[in-house]
Structures are given as structure tokens and as C-alpha cells.
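These are the residues of each chain, in order.
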Amino acid sequence: MGTDHVVHSLVACALCFKAVTLPLSSQTQILSGWGRTMPVQAKVVQPASVQQVQELVRQASPASLIARGLGRSYGDAAQLDGASAVEMGAFDQINLDLVKGSVTAGAGVSLNQLLRVIVPAGFFLPVTPGTRNVTIGGAIAADVHGKNHHVDGSFGNHLQRLLLVDGKGELRELTPSGKSSVDEIEQFWATVGGMGLTGIIVEATFSLIPISSSLISVNTARYHNLDELMAAMVASDSNYRYSVAWIDSLDAKGRGVLSCGDHAMAEQLPTSQQADPLVYDPKPLASAPTFLPGGLLNKLTVRAFNEAWFRKAPKQRLGELQTIGAYFHPLDGVQDWNRIYGPAGFLQYQFVVPDNASHLVLYTLEALRKIGTSSFLTVLKRFGPSNPGHLSFPMQGWTLAVDLPAAVPGLFEVLDHLDEHIAAENGRLYLAKDSRQSATILRRTYPRLEEWQQAREKLDPSKVFSSDMAIRTGL
């Protein structure tokens, strides 16, 4: 590995920020989640230093602030009607330690920015969600997961430290080992998956995965029913680092395509690519139309898409080399793809249930099909054990994610019904994707909620930090 790669020393970058005398940048905007279902008006503020963040918090009244990254939470988690959203774009430092295989990054750094630094240097993210357009602060707040949870857990599993401005305006360094106190451990895990309600994350240090090429070796197989598909997924748990299945939501048998992968070794690449095995330069391929009167998605178009998607997958294909973008972030290839659902927007329904409640995957697909929902993006993954995060979503079992047009008649009644079944089986909904679950369901499905509230009380006793989601769910 050459020394001409981007290399920095590992330092506590946020503590080195100089005081900024410029006025705090702010403007009033209409904000919504990625689903575009609940727009609100809020003041967006953009601090340029830790000192400005601290002063902003110290002057804030209760329930007046929430941090916001790139707006990829699907619902109302990163907005607060009539209050202030804090964007951390100025916190964009990246400090890579090649020896330790770790990185210190500012909260405003996107995974897209980070990948452009670490991949050419021979490293990959420990966890990546289905989009690279997520900030480090957002990845921690949502404790994002990816296709490798059954092997590597979620983002919080790889955090070594984080810097947080708490609800009193104090800058805290939190670690999972709790160098100073047991309280510090609780506060660390309350922040991981805490949806921005414990404070404003300034920066974080986390471990990386060493790689020798920027390509993924992918095995693909299609299955004609859900039982076969799920059995194959269980069998693949111990054989692959990455695993994900696409399901045809309109097919009564639940046919689908399973893609399993690992990082390709440099020697696996064609000779023409071995000279530069770590090249990485993803680009969007298209842009969704800005005006879609009723959206492009309906039962006919989705059925045609699903048929084509299933047929294009081979019965079995081994060792196909795919780029990072193609395998991990396929929808990032289409800018503003959320517009295809039209002006009414969409929501994503994502839940996890234990292995012994796997029947709820088929039950959910059948319930949604009965009301004529049109989903071209239905994804099934396996989860491994949960981490100590009080509000972290993943747990051992199955997670299904379905994108649903918000305007489907009867949709919310069916989802309320499904919530009850998921709660009865000790499952839960993903807060970063949620836009409609009730406070009652959240209390039933997150058993460590009270512990989280106690930790939050110490970090933010005046409850300066809130969000529309927090208000809706009683967090």
C-alpha cells in the first residue's frame, strides 16, 4: 500500500476545532423524511464549530432541537415542527489510521465521502445500509445495519468512541468500555440507536474492514417459493459475510432472489483490473422525474417490474464480480428515486421477529397483497444477536422491509393489525424507517425503553432534544 494514499494521524479532531466568530448560519425550510409524507416547517441551523453547537444547546428551550443528517430517515425522526434542525455538514474531517485499521470522522461526513477515502486505501465500512447517502452521525443515531448483521452486527458494534454535546451543552467523550464510569457505558449505548435524542454527535472513531479489492464476489440464486428461499438463507448464514434476498411481493408463493457475497481478493480480478484493484468511483446513472402526477408505481407496473427482475436473475450464478455500488447501494444509482411514488409519498414498513416467528414474513406479504399494495422493493435479511443498545433495532431473527405507496386505501389499518402480531411475537419496528407506529406499540416492543429513558435523563435532563417521531411515540 503506497504512502501517496490519504493518511492522517488519529486525533480527537473535534477538540481541535478553533472557535469560530462567524454568525450561526440558519434558514427556514420545509423538511420531511425520505418518504415525503409529513412535511413540516423548521429552522435549519448549521454550526461551524463545537463551541457553536454548545452555545446553541445552552440557549435552547425544551423540545426545540434535533440533529439532522442527509434526510434519509423515512419518516419523522429527523424533523421537529416549528423548531430547529441542526445540520453538521461543517464537521467533515476524516482521519484514517492505516496501522490500526480505524477512522475518526466528523458527524457530518457521509458514507459516500468516507468510502472515497477508505476504499482506495484498502478498507471498507464495517457496516453499510442500503444507501451511502447517510452521515456518520445518522448511522450512529439509527445504529444502522446491513447485509452482514448475521456476521458483524450493526454500526454500534464497531464504535470505539464518540463525542457528544449533551443537553446541557457539555462535550462528552463516550466509549463502550466506560473508561470513567458505568454511567458512561449506559450513555454510550443510549446514544447508539437513540435517534438523536441524547445529544448532538460531533465525531466518532470506529474500526474498518481491510480489503484487497473494491469488488464483491457474488453468488446469486432464485427460488420459486418463500420456504425454499428462507431455508437457503439460513444455510448461508455461516458461509457468507453478506446476504440479502429480494422477494416478489405480488407472487402468492413468495418467490425471490438470494444474493450472497464476500469481498473479492485482488487475485480474483481479471488481469486488466489487477493493476488498480481498489478503484472506486460510483456515479448516479439517472434521475427520477421531478413531476409524477400519480407516481409510476401501480399494480400493473410493479408486476411487470417484478417479473422482469425475477427472470433476469439466473437460476444460479457463482462468483460474479460486482462493484460496491451495485451490490450495496443499487438505488443510489437513481437520484431522488423516492419521487416514483408520486406526491402522496411512501413509507417503509420494516420489522424484525425472532426465528420462531418466521411465519410473520409470509403473513405480512399476504396481508399487504390483499389490499393491492404495489411494492417493487421488498427485502428480507437475517439478523444475528443484538448489541447492548437500548433502542437498537436488530435482534436474532428475520427482518422484512417493504416500501409501500402511502395512498393505498386501508393501508394504515392493515399495518396497525400487523403491528399487533409483531408485538405479540416479541418483534419490533425500525425507528429509522417508521412513520406511524403508536406509543403503545413502541412501549410493548422495546423492552429496554425505561433503561434508555433513565440514561437520557442524565444526558438531557431538560429534554432539549426532541423530534416529531419522539412526540408521536412518547419517547
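It should be emphasised that the depicted structure is a prediction, and the values quoted were computed from it without experimental measurement.

**Q** Looking at this structure, I do not really get the overall build of the chain. What am I missing?
**A** A tally of helices and strands in the chain yields 13 helices and 21 strands. Counting all 475 residues of the chain, 59% fall into the buried class. The contacts of the chain with a sequence gap of at least 6 include a subset with a gap of at least 24, amounting to 75%. Surface accessibility of the chain: about 18900 Å² in total, with carbon and sulfur atoms responsible for 54%.

**Q** Sorry, what's going on with the layout of surface pockets here?
**A** Where empty space is left in the structure can be found by rolling a water-sized probe over the atoms. In this model, the second largest pocket occupies a volume close to 330 Å³. Lining the second largest pocket are 21 residues, with P282, T323, I324, G325 and A326 sitting closest to its centre. It is helix 8 (residues 324-328) that provides the largest number of residues to the lining of the second largest pocket, a total of three residues. Taken together, the residues of the lining of the second largest pocket sort by class into 10 nonpolar, six polar and five charged.

**Q** Before we go on, may I ask you to explain the sheet that holds strand 5 (residues 94-97) in this structure?
**A** Where strands meet in a sheet, backbone hydrogen bonds hold them as pairs that are either parallel or antiparallel. Ordered by their spatial adjacency, five strands build an open sheet running 5-6-10-8-9, and the pairing between neighbours is antiparallel. Only two strands of the sheet have a single partner each, and these edge strands are strand 5 and strand 9 (171-174). Going across the sheet, the axis of each strand differs from the next one's by a mean of 10 degrees, ignoring polarity. Strand direction decides the pairing type here: strand 5 and strand 6 (residues 102-106), joined by four bridges, are antiparallel.

**Q** Where do I start with empty space enclosed by the protein in this structure?
**A** In the structure shown here, the tally under the stated rule is two cavities of 30 Å³ or more. Roughly 60 Å³ of internal volume is contained in the largest cavity. Of the residues that constitute the lining of the largest cavity, the class distribution is four nonpolar, three polar and three charged. Here the second largest cavity is characterised by a volume of approximately 40 Å³. Lining the second largest cavity, in full, are S249, L250, L365, L368, R369, T373 and V402. The leading source of residues in the lining of the second largest cavity is helix 9 (residues 359-370), at three residues.

**Q** Looking at this structure, I do not really get helix 1 (residues 50-58). What am I missing?
**A** The α-helix winds at 3.6 residues per turn, so residues separated by three or four positions along the chain end up facing the same way. Looking at helix 1, one finds that the buried residues are V50, Q52, V53, Q54, L56 and V57. On its buried face, helix 1 is in contact with strand 2 (40-46), strand 3 (65-68), strand 4 (84-87), strand 8 (159-165), strand 9 and strand 10 (200-207).

**Q** Could you clarify how one ought to interpret helix 6 (residues 226-236) in this entry?
**A** By the burial criterion, the buried members of helix 6 are L226, L229, M230, A232, M233 and S236. For helix 6, the arc enclosing every buried residue in end-on projection is 160 degrees, short of the 170-degree limit, so these residues lie on one face. In this fold, the buried residues of helix 6 make contact with strand 12 (215-223), strand 13 (242-247), strand 14 (256-263), helix 9, strand 19 (378-383) and strand 20 (397-405).

**Q** It is not clear to me how the environment of F383 should be interpreted in this structure. Could you clarify?
**A** Residue position: F383 is located in strand 19. Since its relative accessible area comes to 1%, F383 is described here as buried. Separated by 14 residues in sequence, F383 and G397 place their C-alpha atoms 5.2 Å apart. Discounting chain neighbours no more than four positions away, the residues touching F383 are H145, H149, H150, V352, F393, P394, M395, Q396, G397 and T399.

**Q** Please clarify how the packing of aromatic side chains should be interpreted in this entry.
**A** Describing an aromatic ring pair means giving the distance of the ring centres and the angle of the ring planes. Tallied over the full model, the rule gives 13 aromatic pairs. On the numbers, 4.9 Å between centres and 80 degrees between planes, the contact of Y242 with F328 is edge-to-face. Residue Y242 is located in strand 13, and its partner F328 is located in helix 8; the two are separated by 86 residues in the primary sequence. Accessibility assignment for this pair places Y242 and F328 in one class, buried. Note on Y327 and F328: the rings are 5.0 Å apart at their centroids and 80 degrees apart in plane angle, and the pair reads as edge-to-face. For the pair formed by Y327 and F328, the shared burial category is buried. Taken together, the ring pairs connect W34, Y74, W337, Y341 and F346 into an aromatic cluster. Over the face of the ring belonging to W34 we find R72, whose NZ or CZ atom lies 3.6 Å from the ring centre.

**Q** Teacher, can you tell me more about the pattern of salt bridges here?
**A** Any two side chains of opposite charge can pair, on the condition that their charged atoms come close. The tally for this structure, following the rule as stated, stands at 19 salt bridges. In this structure, the salt-bridge partner of D281 is R116, at a minimum N-O distance of 3.3 Å. Of the two residues, D281 sits in the loop between strand 14 and strand 15 (286-287) while R116 sits in helix 2 (residues 111-118), which places them 165 residues apart along the sequence. A salt bridge links R436 to D416; its shortest N-O distance comes to 2.7 Å. Taken together, the residues span a long stretch of sequence, with R436 in the loop between strand 21 (428-429) and helix 11 (439-445) and D416 in helix 10 (residues 411-424) at a distance of 20 residues. What you see here is one network of salt bridges that share partners, running through D76, D434 and R472.

**Q** I tried to follow the sheet that holds strand 16 (residues 316-323) on my own but got confused; where do I start?
**A** A sheet is described by the order of its strands in space; here eight strands give the open sequence 16-12-14-13-19-20-18-21, paired in antiparallel fashion. On the outer flanks of this sheet lie strand 16 and strand 21, each paired with one strand and no other. Pairing of strand 12 with strand 14 involves eight bridges; the strand directions are antiparallel. Following the sheet pairing, R222 is matched in strand 14 by V257. Packed on one face of the sheet, helix 9 meets strand 13, strand 18 (346-353), strand 19 and strand 20 and runs near 10 degrees to strand 20.

Analysis parameters
- Residues numbered from 1 in each chain as written.
- Predicted model: local features only at pLDDT ≥ 70, side-chain atom pairs only at ≥ 80, totals over all residues.
- Heavy atoms only, no water.
- Helix = DSSP H or I, 4+ residues; strand = E, 2+ residues; numbered from the N terminus.
- Buried < 20%, exposed > 50% of the residue type's maximum accessible area, 1.4 Å probe, protein only.
- Contact = heavy atoms within 4.5 Å.
- Areas by Shrake-Rupley, 256 points an atom, 1.4 Å probe, with all protein chains shown as cover.
- 1 Å grid on protein atoms, 1.4 Å probe; cavity = no way out; pocket = protein on both sides within 12 Å on 5 of 7 lines; lining within 4 Å.
- Points joined across faces, edges and corners; volume = space filled by probe spheres on them.
- Nonpolar A, V, L, I, M, F, W, Y, C, P; charged D, E, K, R; others polar.
- Pairing = 2+ DSSP bridges.
- Axes fitted to C-alpha atoms, helices over the stretch in contact; angles between N-to-C directions.
- Arc of directions from axis to C-beta.
- Phe/Tyr/Trp six-rings, centres within 6.5 Å; stacked < 30°, edge-to-face > 60°.
- Lys NZ or Arg CZ within 6 Å of the ring centre and 35° of its normal.
- Salt bridge = Lys/Arg side-chain N within 4 Å of Asp/Glu carboxyl O.

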